[in-house]
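Structural features, examined
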Amino acid sequence: MREARRIVVKVGSSSLTTASGGLDADRVDALVDVLAKVRSGGEKEIVLVSSGAIAAGLAPLGLRRRPRDLARQQAAASVGQGLLVARYTASFARYGVRVGQVLLTSDDMSRRAHHRNASRTLDKLLAMGAFPIVNENDTVATDEIRFGDNDRLAALVAHLVHADLLVLLSDVDGVYDGDPGKPGTSRIAQVRGPKDLADVEIGSAGKAGVGTGGMVTKVEAARIAAAAGIPVVLTSAVHAADALTGQDTGTYFHPTGKRSADRLLWLQHASTPQGALTLDDGAVRAVVERRTSLLPAGIAAVEGEFSAGDPVELRDGAGRAVARGLVNFDAKEIPRLIGRSTRELARELGPGYEREVVHRDDLVLLHP
Ligand code: GLU
C-alpha cells in the first residue's frame, strides 16, 4: 500500500453531507486536506470518485429528503453536481490545485472509443497536475443511483487508470464479522479471497440514508477490483490519511486475480446487455472452448433492441448466459444473417457483411 503510486479514492455521499442532507464544507475540506497532502510529495497520483451530487441538490430544489423517483433524483444530481464540484474547486484552490470534472457511465467503459477517451483524459489531467474528480453521469445513467453510490464505478475507474490501489471511504470503518453496533463483533482486517467472507452477513443499508451503497456494494466493488489485480482498502473517511499512507486501517482486500485485458472487465461487470443472441451447440463450443468469434452461422435466435456496438448476452440452447460481447450489427439486421455463412452473405449483401457478429476480442466468458 505504501508503494502504491496511482490511487483511486472513492468517497460516499454520507461522508460529505451534514445530518440534514446538505454538503458539509468542513468534511469536504478535511478530505481535501488529506488528498492534497498525500499528493504534494509528487510521488502519488490520485483520482477521486465522489458521490454527493444528489445529496447536494436536495436543499437548493426545496426537497426535504431524497426523492423516490429516479427523474427527481437525476434532477437533484444535476443541480448538486455543479455545487459539489464548485465546493471541491474552492477547497483544492487552498492548495493551488485545479480540479477537473469527469462524468462517466459504466456503459461508456465498454465502448472502445469512450473507454479510450476517458482513459486518455484522466491520464492527461494527472500529467498536467490537475486533480480529476469522477462521478456517474447521472443525467443519462442511473446504475449507481439505484444501487451502488459509485462503488462499482470506482472499481471500474481503478481498472481504467491502472491504479495500484483502490480506497473505498464511507461512514463505516471496515467489514465486520457481525453487526458493528453489537458487542463481540470485530473488524475483519484482511480478506484473501471470497472464502474469507463466506460466513459473514453483510448489511445493506447506508447509515445516513443519503447514499445508496451500503456494505454489499462496497464488498462487491472490492471483489471486482481485487479480481482484476488491484488491492483495496475499505475504511471510513476519517481514516483516509491512514489508508493512503499504508497504515493498518479498515479491511484490506488482497488481489485475487491478474489484470485482465483492458475493456473486458467493463464488459463483464459494468455493461447491461441490450439484448441476447442464442447460439447453437456448435457455436457455444467454439466460443466457450476454442474462444473463437461468433459468426452468423452459429446463431439460432435474437432478442432485444440493440444497435451495433452495444453489449449483448450470448446464451446456450438452455437459455443460460455463457458470454457477453459487443455486437457488430443492429438487432434488426440479424434475422436475415442467422445460420448463413459469411461468404454467402458477402456475395449477396456486400462486403460489409463478411464479418463476425461478435469478434473474439470483444467477448468475455461469464464462467471461464
Ligand atoms: N452519482 C450519485 C451522486 O453523486 C450517486 C450517489 C447516490 O446514489 O446517492 O449523488
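Residues numbered from 1 in each chain as written. Predicted model: local features only at pLDDT ≥ 70, side-chain atom pairs only at ≥ 80, totals over all residues. Heavy atoms only, no water.

**Concerning the packing of helix α7 (residues 151-160) against helix α8 (residues 214-227)**
The geometry of α7 relative to α8 is characterised by a closest axis approach of 8 Å and an angle of 15° between their N-to-C directions. For the element pair α7 / α8, the angle class is roughly parallel. As for the relative orientation of α7 and α8, their crossing is right-handed in sense. Residues D151, R152, A155 and L156 of α7 form the contact with α8, whose participating residues are G214, T217, K218, A221, I224 and A225. Tallied by class, residues from the contact of α7 with α8 come to 5 nonpolar, 2 polar and 3 charged. (Axes fitted to C-alpha atoms, helices over the stretch in contact; angles between N-to-C directions. Helix = DSSP H or I, 4+ residues; strand = E, 2+ residues; numbered from the N terminus. Parallel < 35°, antiparallel > 145°, perpendicular 65-115°, else oblique. Left-handed = near helix turned anticlockwise from the far one by under 90°. Contact = heavy atoms within 4.5 Å. Nonpolar A, V, L, I, M, F, W, Y, C, P; charged D, E, K, R; others polar.)

**Topic: the sheet that holds strand β6 (residues 190-191)**
The 8 strands are arranged β3-β4-β2-β1-β5-β7-β8-β6 in an open sheet whose pairing can be described as mixed. The two strands at the open ends of the sheet, each matched to only one other strand, are β3 (99-104) and β6. Sheet topology places β6 next to strand β8 (residues 251-253); 2 bridges connect them, and they run parallel. If you follow Q190 over to β8, its bridge partner there is Y252. Packing of helix α1 (residues 25-40) onto the sheet brings it into contact with β1 (6-11), β2 (45-50), β4 (131-136) and β5 (165-170), and relative to β2 it is tilted by some 160°. (Pairing = 2+ DSSP bridges.)

**Focus: the site of the ligand**
In the vicinity of the ligand there are 15 residues, among which I54, R66, N135, D138 and D149 approach most closely. A distance of 3.0 Å is found between an oxygen atom of the ligand and a backbone nitrogen or oxygen belonging to A53. Every element with two or more residues in the shell around the ligand is listed here: α2 (53-58) and α6 (143-146). Its residues assigned to classes, the shell around the ligand shows 4 nonpolar, 7 polar and 4 charged. (Near = heavy atom within 4 Å. Polar contact = N/O pair within 3.5 Å; in protein donor to acceptor, adjacent residues only side chain to side chain.)

**A short note on the sheet that holds strand β11 (residues 311-315)**
Pairing is mixed in the open sheet, where 5 strands are placed in the order β10-β9-β11-β12-β13. Two strands close off the open sheet at either side, each with one partner strand: β10 (299-304) and β13 (358-365). Recorded for the sheet is a direction-independent mean angle of 30° between the axes of neighbouring strands. Pairing of strand β9 (residues 275-279) with β10 involves 5 bridges; the strand directions are antiparallel. Bridging across to β10, T278 finds its partner in A301.

**Structural notes on the UniProt feature "domain: PUA" (unreviewed entry) in the protein chain**
UniProt's feature table lists "domain: PUA" (unreviewed entry) at residues 275-354, given in the numbering used throughout. Structurally, residues 275-354 is divided into 20% helix and 29% strand, and its ends, taken at the C-alpha atoms, are 22 Å apart. (UniProt positions renumbered as here; feature names shortened; annotations may be inferred.)

**Considering the packing of α1 against helix α3 (residues 70-93)**
Interhelical geometry of α1 versus α3 gives an angle of 50° and a closest axis separation of 9 Å. The angle between α1 and α3 places the two elements in the oblique class. Crossing handedness for the pair α1 and α3: right-handed. On α3, the residues touching A25, V28, D29, L31, V32 and L35 of α1 are R87, Y88, S91 and F92. Grouping the constituent residues of the contact of α1 with α3 by class yields 7 nonpolar, 1 polar and 2 charged.

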